[in-house]
Amino acid sequence: MAKEINTIGVLTSGGDAPGMNAAIRAVVREGLSKGKKVKGIRRGYAGLLNEEIIDMDAKSVSDTISRGGTILQTARCMEFVTPEGQQKGAEICKKHGIDAIVVIGGDGSFQGAQKLAGLGINTVGVPGTIDLDIACTDYTIGFDTACNTAMEAIDKVRDTSTSHERCSIIEVMGRGAGYIALWCGLANGAEEILLPEKYDYDEQRLIEQIKAAHDCGKQHYIIINAEGVGHSQSMAKRIEEATGIETRATILGHMQRGGSPTVMDRVYATTMGAMAVDLLCEGKSNRVVAHRNGEFVDYDINEALAMKKCIPEYMYQLSKSLV
């Protein structure tokens, strides 16, 4: 029979994402409702190793569901990648009476959770990343808000681009994954989407398409460029020199991580945070909460980390046929 847990820790790790506070709030209040103590671990695994651990109650998370970022803050921690760091983290958990942890973050954060589980600390991961690049789930906390933030900014750039008959390259976040670029490309009706998973770096083809569109009387040309392709400023310069069309690059950057989360990010993050606590209270460990095929489910972390994710081919082809 699984040992009953008494104290649940919660941390956010990796890049921040709108909706993380909703997940933290759910972990705290669901844990308290089940008679558990809840401790917040500040600054992710780095804070765990530095023993930045605080007691949390219902008041600790009051009026946080609408706030972007993470009230627990986040950091990256190379020490926790090492076996020594992981062992130290498990010992600190035991020292503070933490027998279970909810880890909110991406694949790298889940790898840390996996190691803690192997060292006797029950762990459940909750997918929090604006990049939507976790293979086991169709949804990650923050993606919807980030897409809406970027979409609104791109609409504004299109207005001025049309006024000046410019070509505009708008760079969105996504170092290794092009999901924000793909969704915004479809939502904004972009003429071209450059994804790290798909881009063939044939810039001459791109230049010819821009020229052809201009010759047909098109008043703007919007290119959504994922961060993983990058080099938007130099690309804009080359396109302008080759086409004679004024070309500007706009890098949206970290504004996509901020802002009040959308209703989807609030509700889904709340559900996932509460479900993580429920799983821990059932004695489960080494799990990841996910949203798959319209339902909230959970996977073994090992299974989840072994999954691969690809850009939906139909959506990508659609972005080309609707130009």
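None of these values were measured; they are calculated from a predicted model. (Residues numbered from 1 in each chain as written. Predicted model: local features only at pLDDT ≥ 70, side-chain atom pairs only at ≥ 80, totals over all residues. Heavy atoms only, no water.)

**Section: the environment of Asp 159**
Our working rule: Helix numbering and strand numbering both begin at the N terminus, where a helix is a DSSP run of H or I of at least 4 residues and a strand a DSSP run of E of at least 2.
Inspection of the secondary structure puts Asp 159 in helix 5 (residues 143-163). Once the C-alpha coordinates of Asp 159 and His 220 are considered, the two residues, 61 residues apart in sequence, prove to be 9.2 Å apart.

**Some remarks on the packing of aromatic side chains**
To keep things clear, this is the line we draw: Two aromatic rings, drawn from Phe, Tyr or Trp (for Trp, its six-membered ring), form a pair once their centres lie within 6.5 Å of each other, and the interplanar angle then sorts them: stacked below 30 degrees, edge-to-face above 60, tilted otherwise. Think of it in three bands: residues with accessible area under 20% of the maximum for their type are buried, residues over 50% are exposed, and the middle band is partly exposed, with areas taken using a 1.4 Å probe on protein chains only. Geometrically, a charge over a ring is one whose NZ (Lys) or CZ (Arg) sits within 6 Å of the ring centre while staying within 35 degrees of the ring normal.
Taken as a whole and assessed by the stated rule, the structure comprises five aromatic pairs. Judged by centre distance (4.8 Å) and plane angle (70°), the ring pair of Tyr 139 and Tyr 268 falls under edge-to-face. With a gap of 129 residues between them, Tyr 139 in the loop between strand 5 (122-127) and helix 5 and Tyr 268 in helix 9 (residues 263-281) connect regions that are remote in the sequence. Here Tyr 268 falls in the partly exposed class, since its relative accessible area comes to 21%. Seen in terms of ring centroids, Tyr 268 and Phe 296 are 5.3 Å apart; in terms of plane orientation they differ by 75°. Their pairing is edge-to-face. A residue pair is termed long-range when its members are at least 10 positions apart, and Tyr 268 in helix 9 and Phe 296 in strand 11 (residues 295-300) qualify at 28 residues. Taking the relative accessible area as the measure of exposure, Phe 296 reaches 27% and is therefore partly exposed. An aromatic cluster is defined as three or more aromatic residues linked by ring pairs; in this entry it consists of Tyr 139, Tyr 268 and Phe 296. Note that Lys 309 overlies the ring of Tyr 179, its terminal NZ or CZ placed 5.2 Å from the centroid.

**Considering unusual backbone geometry**
Although it is not a glycine, Arg 43 adopts a positive phi angle of roughly 60°. Checked against the element boundaries, Arg 43 lands in the loop between strand 2 (37-41) and helix 2 (44-49). A relative accessible area of 30% places Arg 43 in the partly exposed class. Unusually for a residue other than glycine, Glu 51 sits at a positive phi of about 60°.

**Some words on the environment of Asp 55**
Threshold: Should any heavy atoms of two residues lie within 4.5 Å, those residues are counted as being in contact.
Note that Asp 55 resides in strand 3 (residues 53-56). Residue Asp 55 is classed as exposed on the basis of its relative accessible area of 59%. Along the sequence, Asp 55 and Val 38 sit 17 residues apart, while their C-alpha atoms lie 6.3 Å from each other. Each residue touching Asp 55, except ones within four places of it in the same chain, is listed here: Val 38, Lys 39 and Ser 60.

**Details of the sheet that holds strand 8 (residues 221-226)**
So the rule is basically this: For two strands to count as paired, DSSP must find a minimum of two bridges between them. Convention adopted: a line fitted to C-alpha atoms gives each axis, helices being fitted over their contacting stretch, and angles between N-to-C directions are expressed from 0 to 180 degrees.
Strand order across the open sheet formed by four strands is 7-8-6-9, with parallel pairing between neighbours. What marks the edges here is a single partner per strand, and that holds for strand 7 (192-194) and strand 9 (247-251). Strand-to-strand twist in this sheet, taken as the mean axis angle between neighbours without regard to direction, amounts to 20°. The sheet contacts of helix 5 involve strand 6 (167-172), strand 8 and strand 9, and relative to strand 6 the element is tilted by about 165°.

**A short note on a nonpolar patch on the surface**
So the rule is basically this: Surface patches are drawn from residues lacking salt bridges whose relative accessible area is over 30%; two like charges belong together within 9 Å, two nonpolar side chains (Val, Leu, Ile, Met, Phe, Trp, Tyr) within 5 Å. Accessibility throughout is a Shrake-Rupley quantity obtained with a 1.4 Å probe, and a residue counts as covered only by protein chains that appear here. The working definition used for a salt bridge is a side-chain nitrogen of Lys or Arg within 4 Å of a carboxyl oxygen of Asp or Glu.
Residues Val 263, Met 264 and Val 267 make up a contiguous nonpolar surface patch of roughly 260 Å² in combined accessible area. Examined against the element boundaries, Val 263 turns out to sit in helix 9. For Val 263, a relative accessible area of 64% translates into the label exposed.

**Digging into the sheet that holds strand 5**
Strands belonging to one sheet form pairs held by backbone hydrogen bonds; the direction of such a pair is parallel or antiparallel. The strand order 3-2-1-4-5-10-11 describes an open sheet built from seven strands, whose pairing is mixed. Two strands in the sheet have a free side with no partner beyond their single neighbour: strand 3 and strand 11. Going across the sheet, the axis of each strand differs from the next one's by a mean of 25°, ignoring polarity. Looking at chain direction, strand 1 (residues 7-12) and strand 2 are connected through four bridges and run parallel. Pairing of Ile 8 across the sheet is with Val 38, part of strand 2. Where helix 9 meets the sheet, it contacts strand 1, strand 4 (100-105), strand 5, strand 10 (287-292) and strand 11, and its direction lies at approximately 165° from that of strand 5.

**Comments concerning the packing of helix 1 (residues 20-33) against helix 9**
Basically, it comes down to this: Left-handed is the label given to a crossing in which the near helix is rotated counterclockwise from the far helix by less than a right angle, and right-handed is the label when the rotation is clockwise. Following the grouping adopted for this structure description, the nonpolar residues are Ala, Val, Leu, Ile, Met, Phe, Trp, Tyr, Cys and Pro, the charged ones are Asp, Glu, Lys and Arg, and the polar ones are all others, Gly among them.
Between helix 1 and helix 9, the shortest axis-to-axis distance is 7 Å and the interhelical angle comes to 40°. As helix 1 runs across helix 9, the sense of the crossing is right-handed. Of the residues in helix 9, those touching helix 1 at Ala 22, Ala 23, Ala 26, Val 27, Glu 30 and Gly 31 are Arg 266, Ala 269, Thr 270, Gly 273, Ala 274, Val 277 and Asp 278. Looking at side-chain class alone, the contact of helix 1 with helix 9 contains seven nonpolar, three polar and three charged residues.

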